Each structure stands twice: as C-alpha cells, then as structure tokens.
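Results of the structural survey
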Amino acid sequence: MNSNTQIETLSLSFETLKQCYKNSVFTVVDVVNEIFRRMNSRGEDGVWTFVLKQSEVLQRAKDLMDMDASSLPLYGIPFCVKDNIHIEGYPTTASCPSIAFIPETTALVVKRLLDAGAILVGKNTMDQFATGLVGVRSPEHPVNLFNPEYIPGGSSSGSAVAVSAGLVSFALGSDTGGSGRIPAALNNIVGVKPTPGVLSTDGMVYANRSFDCMPIFALSCNDAKAVFEQGLTEDISDPFLSNFTVLPEAQDKPMSEQVVGIPAPEYLEFFGDTQAQECFEQAVSRMKSLGATLVDVDYSLFLEAGRMLFDGPLLAERLSSIEPFLQDDSNDIHPSVRAIVEKAKQFSAVDLCHEYYRITELQAVARQLFASIDFMMVPTAPTIYPITEVKANPVNLNTQMGYYTYFVNILNLSAVAVPSAIRADGLPFGVCFVGPAKSDYSLMTLGQQWQQSNDLFLGHHAGLINE
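Summarised in this report is the structure supplied together with it. This one's a predicted model, so the numbers in the text were calculated from it and none came from an experiment.

Conventions we followed
Residues numbered from 1 in each chain as written. Predicted model: local features only at pLDDT ≥ 70, side-chain atom pairs only at ≥ 80, totals over all residues. Heavy atoms only, no water. Helix = DSSP H or I, 4+ residues; strand = E, 2+ residues; numbered from the N terminus. Rg over C-alpha atoms; globule rule 2.2 N^0.38 Å. Contact = heavy atoms within 4.5 Å. Areas by Shrake-Rupley, 256 points an atom, 1.4 Å probe, with all protein chains shown as cover. Buried < 20%, exposed > 50% of the residue type's maximum accessible area, 1.4 Å probe, protein only. Salt bridge = Lys/Arg side-chain N within 4 Å of Asp/Glu carboxyl O. Pairing = 2+ DSSP bridges. Phe/Tyr/Trp six-rings, centres within 6.5 Å; stacked < 30°, edge-to-face > 60°. Lys NZ or Arg CZ within 6 Å of the ring centre and 35° of its normal. Axes fitted to C-alpha atoms, helices over the stretch in contact; angles between N-to-C directions.

Check the secondary structure of the protein chain and you find 16 helices and eleven strands. At 21 Å, the protein chain has a C-alpha radius of gyration in line with the 23 Å of a compact globule built from 467 residues. When the backbone C-alpha atoms are referred to their principal axes, the protein chain occupies close to 60 × 55 × 45 Å. Excluding contacts between residues fewer than 6 apart, the proportion of contacts in the protein chain whose partners are at least 24 apart in sequence is 76%. Within the structure as shown, the protein chain displays about 17,500 Å² of accessible surface, and the carbon and sulfur contribution to it stands at 50%.

Relative to the elements of secondary structure, Lys-53 occurs in the loop between strand S1 (48-51) and helix H3 (54-65). Given the relative accessible area of 62%, Lys-53 is considered exposed. For the pair formed by Lys-53 and Gly-122, sequence separation is 69 residues and the distance between their alpha carbons is 9.1 Å.

Applying the stated criterion to the full structure yields 13 salt bridges. The residue Glu-34 makes a salt bridge to Arg-37 at a minimum N-O spacing of 2.7 Å. Note that Glu-34 and Arg-37 are positioned in helix H2 (residues 28-42) at a spacing of three residues, about one turn of the helix. When its relative accessible area of 6% is taken as the criterion, Glu-34 is described as buried.

Burial along strand S5 (residues 190-193) is two-sided: the face carrying Val-190 and Val-192 and the face carrying Gly-191 and Lys-193 are both buried. Relative to strand S6 (residues 216-218), S5 runs antiparallel, the two sharing three bridges. Bridge assignment links Val-190 to a residue of S6, and that residue is Ala-218.

Moving on, we get to the packing of aromatic side chains. This structure, assessed with the given rule, holds 19 aromatic pairs. A ring pair is formed by Phe-228 and Tyr-441, whose centres lie 5.5 Å apart and whose planes are at 85 degrees; its orientation type is edge-to-face. With Phe-228 in helix H7 (residues 221-231) and Tyr-441 in helix H16 (residues 440-452), this residue pair connects regions lying 213 residues apart in the sequence. Judged by relative accessible area, which is 7%, Tyr-441 ranks as buried. Here Phe-302 and Phe-407 contribute two aromatic rings whose centre-to-centre distance is 4.7 Å and whose plane-to-plane angle is 50 degrees, an arrangement assigned as tilted. One end of the pair, Phe-302, is in helix H9 (residues 300-311); the other, Phe-407, is in helix H15 (residues 407-410), with 105 residues separating them in the sequence. Owing to a relative accessible area of 1%, Phe-302 belongs among the buried residues under this scheme. Taken together, the aromatic side chains of Phe-270, Phe-271, Phe-280, Tyr-299, Phe-302, Phe-370, Tyr-403, Tyr-404 and Phe-407 make up a single cluster linked through ring pairs. Geometry around Trp-450 places Arg-286 over its ring, the cationic atom sitting 3.7 Å from the centre.

This next bit is on the sheet that holds strand S11 (residues 428-435). With mixed pairing, eleven strands are arranged side by side in an open sheet as S1-S3-S2-S4-S6-S5-S10-S11-S9-S7-S8. Bordering the open sheet on either side are S1 and strand S8 (293-297), each of which pairs with just one other strand. With strand direction ignored, the average angle separating the axes of adjacent strands in the sheet is 25 degrees. Bridging between strand S4 (residues 170-172) and S6 involves three bridges; their strand directions are antiparallel. Each bridged residue has a counterpart across the sheet, and for Leu-172 the counterpart in S6 is Ile-216. Contacting S4, S5, S6 and strand S10 (414-422), H7 runs over the sheet at an angle of about 140 degrees to S6.

Here it is as structure tokens:
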C-alpha cells in the first residue's frame, strides 16, 4: 500500500482495506469518516431507507480498534443490508414506509457478520416487498451508476448500487427470482446467490420463504466468499436451513477440464438488444479461450420452471408472506406489486399441489442435466431498459429481465453473477454461472478465475483504486 494513497480514491475491496489497516495507512475511523463523506457528497441518491448516525458508526469503529484485529475475519469491513432484513432497533420497511416496524431481533447472518468485525452502515432501498427485477418499484429509488436514465436492477437495487459506488465493501440482499443477480450485472459487481437453505434467512420479510436466499454483493468473488464463510451457521430458528456442514469444497479442477452448458441457440433471447447479444458471444469465446468445453443444453425446462414464479399458484406463497401488509389500501404500496401478488387469489390449493409435483419432476430433470456438465453459463440479464420505458410497461419488461434468473431457486440451484464486459453504450454486462445444489464454493472459485482472466475494473469506475 502506497503511503501517499489518498483516501478519497480508496477502493473498499477487502484486500485494500486489510492492507490499509495492517500498514497503518488509514484507520477504521478514517474509513468510516470517508464513507460518510462519500454518502453526503451524493446527496439524495435513493440508495438508503435508513442510515445509522455517523457518531454511532464511529463508536463501533473505535470499539473495534481496541480489539485484536487478527481474531476478527471481517475487521473494519463496512456493509449494508436490504431493507427486508431485520436489524434490532432499526426500522424495517421493505421500501413501503407505511408498514415500517422496529424488529426486536437481528437476522442471524447479520449477527455473525457483526461478530466477525464488520461495520453496519445502513439499510437499502428495494423493489417493494422484493417483488421486481427493475429496482424502481418504490417511492424513491436509485438509478444506474453508469447512466442515470437506466434502471439499477432489482429488487436489491440499493444494496448493489452502494457496493458499486464505493459506499460499502459488501451488502446483503434477498433473492427469490434474480434479485441478487440482476442488480449485480447492471452495476458491474459480483452477486453470489447461495443454494436455498445454505445461509439462514431467519429474520426477513419473505417473498417465497421456502426458497428465498440471502445473496452477497461484493466487488470480487473472493470478497463474497469471505462473507459467505462467516455467514454459515446452524440455526434451529430457521426450519428451511439445510445441513451446511456437508457443503463440498470447491472442485480442484482447471477451467480447461470444465464442461460448460450454454442455452442452445434457439433459446438465447436478448429482446432485440444486439449489444447484450454481442457481449454474450464474446463471453462464450472467452470461455473457449480458457480451455473449457462448451455444449448446448435444452433450456426449455428452465423456462418452464421460471414461468411458475409469477404466472402460477406459487404466487400463493408470496401472498401469504405479505398479505397482512395488503389489508389496507395504502398509497405506499406500488400498484404493480399489489396487482402481481393478488393474482394468487385466482388459484386453488389443488393447483398448488399440481405445481409442486411438476417442480419436483423438473428438479429431477435438472439434476440429470448437471450430471453431464459442470455448470451452465447464461447472460445474467438479457438486456437493460431505460427507467421511463419500465414505468410505462412495468410488468412485461420486468418479466423479460428474469429470462435467465427466475428458475434458479425453484430448481434448488446455486448461482454466481460476475461482471463480463462494458457494452459499447457504456453500460455493464454480466454472465451468471449456475450449478447444482451446494456447488457454491466451486462457482465462487470459477467466478474468481473469470474475474482474473479479465482486466475489467471493479464496480463503478469513478477514480477508486485497488492496491
């Protein structure tokens, strides 16, 4: 670390901060003060629903400086959480101010990160009740850092923008149908979406509790992996948590020995976005240049599973999660969110049974497919839309954003979204590696290899440096 490094240009990557602290270039207090300077300089950017008082965060930093840094894996690492994750004593709103309440407990994963030395800064804007992939379904919302006329991606919009803008080192979101991956792609950062049940989701406003996940946004897969490892824990309060102690280590297998599935050409869809198509073709070429064997896969089973998320009786679970908040006619509830969720009322319990039987069948077919490939690579998002277009056509364009993401949790799969390129128009493009259940470590290792094979800058290129 250069002793002349200016804190105003400092990246908040884990390695950069660790070197700063180790070499006494900057202290945790210095970093906290710089974070608040950056937030204040951005003004009302729609990223936050709640920010802790600067004095409170500074006290946390001072307390950490009296501890043994070597005993704290996340010492002095700043983070934030999506505002459907509970923090004791601070409001949870799910970006719907009229339902705000103060939880009495903190989500277990957040507790573990705090115990590891991380510093909580605040809570982030989201598509209301985690219903959306566009990031603009809330009273106030952030915009895309690369072009403010474009969507930031949702539903974890504020969390992803905070990381990309250099306001925190990592963030927690929620992911039901792509909310931990689409915002990552649209903001040039990593989004690690765990296998359902690997990280505890106890302490959230749920969408589909049976397969909701708590994804991690970070600048690199290595940073996300460090958070992931600290978040792993047994949690008897979460009945949906699986046995993480049998989570396999990453495959020690070079890219040249990997068999990578790509949606067969007839299934590749970019909704007329030739720049996104070109970027994916370049990603395929790069994967080949790394020595991987690419094979076409029948993507129809994934499309069928994906359609179930918002077009069938699975909506009943989403309705059951937020029905208490829909009882009144509050103007705070986004009309698109209400209309989507209340569609569940048209389905019967019998319909839901048939749906779960079919999901079980599709999960079996997916397991067979992944027995013949190591992982699948897809575009994280097929395109990116201007905010005005999304607000004029909110449901259809939102659905199109989920073409490559909706199926993953329903089929009990793991996924890691990684930056891939900057398009000709200056907007980011990312790819997503999808693998079988509990392939989390392998996918993060592959994602890090992918990042190392590319000299693409991290986050939003705004003068921040990594050393």
